[in-house]
Amino acid sequence: SHTVRRAGQISTWDRFIQDVTLQVERQRITNGAGFRILTETVTSPTLHEQIKDLLKTFPGARWHQYEPVNRDAARQGSQLAFSRYLDPIYDLSKADVILSLDSDFLSRGPAHLKYARAFARRRKPTDMNRLYVVEPSPTNTGAMADHRLPVRAGDIEIFAREIAYRVGTPVEGGDPLGHGDFINAVVEDLRKAGRSALVIPGESQSPAVHALAHAINDTLGATGSTVRLVEPVEADPVIQSDSIQNLVEDIGNNQVDLLLMIGGNPVHTVHPELGMTDVLEKVNTRIHVSATFDETSRLCHWHVPQTHDLESWSDARAYDGTVTIIQPLIEPLYGGRSVHEVMAAFLGDPGAKSYDIVKNYWQGRIGGSKVNFESKWQQSLHDGVVPDTRSPERSVKVQPPTLERPTRTTGLEVSVRPDPMIWDGRYANNGWLQELPKPSTRLTWENAA
């Protein structure tokens, strides 16, 4: 996208600011009761601070987060195990025996490069780890397994429950799946490894599988050894499927007057059963900040072209919470604006630039005095990371999960997973990515299931 658009027609940033100023004044009357913000998952400390400032200015406003491929199951599993949200960080360098429950941890996820390197360093004859993989379809991690067992995705929970029961976790067991020899070998190896064992659940698996994995690791003594539990990397983590449903319900009940959507393409990605496309027209003012003029932009009053990540200043947290300052490689090619500049407009500072916004946020958080800050700021830019920003580790007691006993189903099972190239479809317009062969199958430009 090259230009600001009003109702699909070319407009200007100045006209957008004029309208935003009017909208902000209207929202002040009701403390923002009709104001909603929709973003994708936020890991930028600066953007999080801007959103918090906006919510302070408008106490009645609400912030929603949604991505079609999200970590809801992991979040709910954490809630079952710890009664709070925590992120597991795995130390594969200490793991002698690894059990993957439908987790492609060597080639998927924010930490997969770190995990792949640590795993590879232990594939030595003198210090060999052992990898068991239970999964429904072939993955790169499954291809590396010493022992691999094909199991339907819906039956992974039954398998995990049996492993948990056998290692001593207080859950009901039973093995309707069979595979007795495989399970016996896994249990024996996990017990021998003890605190050097590691169970990794797959992101697409149910909350119960995640909770069972936490319980198994805790029973074996692996928590604090091969698994560290840290504060979530996401800013204000939520169950995103619930968050988007709450937003759609508010819109349907005529409670939303102003909707600011930053990134994403909810008209395309929100499940059709929620009726996002139908209810969106009930919102008096709809604003979409996006790098492309997409399905959502077409249904909005205002579309603001968003700068590419290579064009704008920002910051973000890595998988373990460590912050990096995102530095642009080029000036914006067109009239794009960063999310920080758009948020600044709603906060009454439409002329603010991304560099100053990000730098000012970190001004009071690193360095102390102005001289010390400038030195540490330059050092952070040079090194690529802000020191001492890793998420704090938490020591918590794992609660044995109370779970309903799963029932095994029969018949054809369809597993819908993110594409390794175009992910949730957001890169579908990139033909080069479409032409890359899929892992294992080598299919290219095919529609085979």
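Higher on the page you've got the structure.
Conventions we followed
Starting from 1, residues in each chain are numbered consecutively following that chain's sequence as written. Local features are withheld for residues below a pLDDT of 70 in this predicted model, meaning they are given only at 70 or higher, and side-chain atom pairs are given and counted only at 80 or more; totals for whole chains, interfaces and linings count all residues. Side-chain measures were taken over the full set of non-hydrogen atoms in the model, leaving aside hydrogen atoms and water. Only the contacting stretch of a helix is used when fitting its axis, a line to C-alpha atoms as for every element, and angles between N-to-C directions run 0 to 180 degrees. Strands are runs of DSSP state E lasting at least two residues, helices are runs of H or I lasting at least four, and both sets are numbered from the N terminus onward. Any angle between 65 and 115 degrees counts as roughly perpendicular, while under 35 counts as roughly parallel, over 145 as roughly antiparallel, and the rest as oblique. Contact criterion: two residues are considered in contact whenever any of their non-hydrogen atoms come within 4.5 Å of each other. Just so you know the grouping, Ala, Val, Leu, Ile, Met, Phe, Trp, Tyr, Cys and Pro go in nonpolar, Asp, Glu, Lys and Arg go in charged, and all remaining residues, Gly too, go in polar. How far a helix is expected to stretch is found by multiplying one less than its residue total by 1.5 Å. Throughout, exposure labels follow a simple rule: accessible area from a 1.4 Å probe, protein chains only, divided by the maximum for the residue type, with under 20% read as buried, over 50% as exposed, and the rest as partly exposed. Pairing between strands requires that DSSP locate at least two bridges from one strand to the other. We define a salt bridge as a contact between a side-chain nitrogen of Lys or Arg and a carboxyl oxygen of Asp or Glu at a distance within 4 Å. Planes of paired rings set the category: under 30 degrees apart is stacked, over 60 is edge-to-face and the rest tilted, where pairs are Phe, Tyr or Trp rings (Trp by its six-membered ring) whose centres lie within 6.5 Å. Charge over a ring is defined by NZ of Lys or CZ of Arg lying within 6 Å of the ring centre and within 35 degrees of the ring normal.

Draft legend 1. Spotlight on the packing of helix H13 (residues 339-346) against helix H14 (residues 354-363). Put simply, H13 and H14 touch, their axes get as near as 8 Å, and they point 80° apart. Comparing their axes, H14 and H13 come out roughly perpendicular. Contacts from His-340, Glu-341 and Ala-344 in H13 reach Ser-354, Ile-357 and Val-358 in H14. When its residues are assigned to classes, the contact of H13 with H14 shows three nonpolar, two polar and one charged.

Draft legend 2. Representation of helix H8 (residues 207-220) in the model. Compared with an ideal rise of 1.5 Å per residue, which puts 14 residues at 20 Å, H8 spans 20 Å between its outermost C-alpha atoms and is within 8% of the ideal. Burial within H8 is extensive, with eleven of its 14 residues counted as buried. Where H8 is concerned, the buried positions are Ala-208, Val-209, His-210, Ala-211, Leu-212, Ala-213, His-214, Ala-215, Ile-216, Asn-217 and Leu-220. Downstream of H8 by one or two residues, Gly-221 has phi in the positive range, about 85°.

Draft legend 3. Seen up close, the sheet that holds strand E3 (residues 35-39). In spatial order, the strands read E2-E1-E15-E14-E13-E3-E4; together these seven strands make up an open sheet with mixed pairing. With partners counted over all chains shown, the strands left at the sheet margins are strand E2 (9-10) and strand E4 (62-65), one partner each. As paired strands, E3 and strand E13 (residues 258-262) are joined by five bridges and run parallel to one another. Along E13, the bridge assignment pairs Phe-35 with Leu-258. Strand contacts of helix H1 (residues 13-29): E3, E13, strand E14 (285-290) and strand E15 (302-305), with the helix running at about 125° to E15, the strand carrying the most contacts.

Draft legend 4. Broad picture of the environment of Gly-411. Mapped onto the fold, Gly-411 is located in the loop between helix H15 (370-383) and helix H16 (431-434). Along the chain, Gly-411 and Ile-163 lie 248 residues apart, while their C-alpha atoms are 25 Å from each other.

Draft legend 5. Looking closely at the pattern of salt bridges. Evaluation of the coordinates by the stated rule reveals 30 salt bridges. Between Glu-234 and Arg-75 there is a salt bridge, and its shortest N-O distance comes to 2.4 Å. Here Glu-234, found in the loop between strand E12 (227-230) and helix H9 (240-252), pairs with Arg-75, found in helix H3 (residues 72-82); they are 159 residues apart in sequence, far enough to count as distant. With relative accessibility at 3%, the residue Arg-75 sits in the buried group. Between Asp-102 and Arg-417 there is a salt bridge, with the nearest N and O atoms lying 2.9 Å from each other. One end of the pair, Asp-102, is in the loop between strand E6 (97-101) and helix H4 (112-121); the other, Arg-417, is in the loop between H15 and H16, and 315 residues separate them in sequence. Relative accessible area serves as the criterion here: at 33%, Arg-417 is assigned to the partly exposed category. One network of salt bridges, in which partners are shared, links Arg-71, Arg-75, Asp-87, Glu-203 and Glu-234.

Draft legend 6. Representation of the packing of aromatic side chains. This model, assessed by the stated rule, comprises 13 aromatic pairs. For the pair Trp-13 and Phe-16, a centre-to-centre distance of 5.5 Å together with 40° between the ring planes defines the contact as tilted. Taken together, the residues span about one helical turn, with Trp-13 and Phe-16 both in helix H1 at a distance of three residues. In terms of burial, Trp-13 and Phe-16 fall into one category: buried. Ring pairs connect the aromatic residues Trp-313, Tyr-355, Phe-373 and Trp-377, which therefore count as one cluster. When the ring centre of Phe-293 is taken as origin, the NZ or CZ atom of Arg-5, which lies over that ring, is 4.1 Å away. We note Arg-75 situated over the ring of Tyr-85; from NZ or CZ to the ring centre the distance is 5.7 Å.

Draft legend 7. Region of the structure containing the sheet that holds strand E9 (residues 130-135). What the four strands build is an open sheet, ordered E10-E9-E6-E11; its pairing is parallel. Edge strands, defined here as strands with exactly one partner in the open sheet, are strand E10 (147-150) and strand E11 (197-201). In this sheet, adjacent strand axes meet at a mean angle of 10° when their direction is disregarded. Both E9 and E10 contribute to a ladder of four bridges, which runs parallel. Its bridge partner being in E10, Tyr-132 is matched across the sheet by His-147.

Draft legend 8. Molecular detail of unusual backbone geometry. Phi at Ser-83 takes a positive value of approximately 60°, unusual for a residue other than glycine. Within the element layout of this structure, Ser-83 appears in the loop between H3 and strand E5 (87-90). Even without being glycine, Asp-102 reaches a positive phi, approximately 65°. The buried category is assigned to Asp-102, whose relative accessible area is 6%.

Remember, this is a structural readout, not a statement about activity or role.
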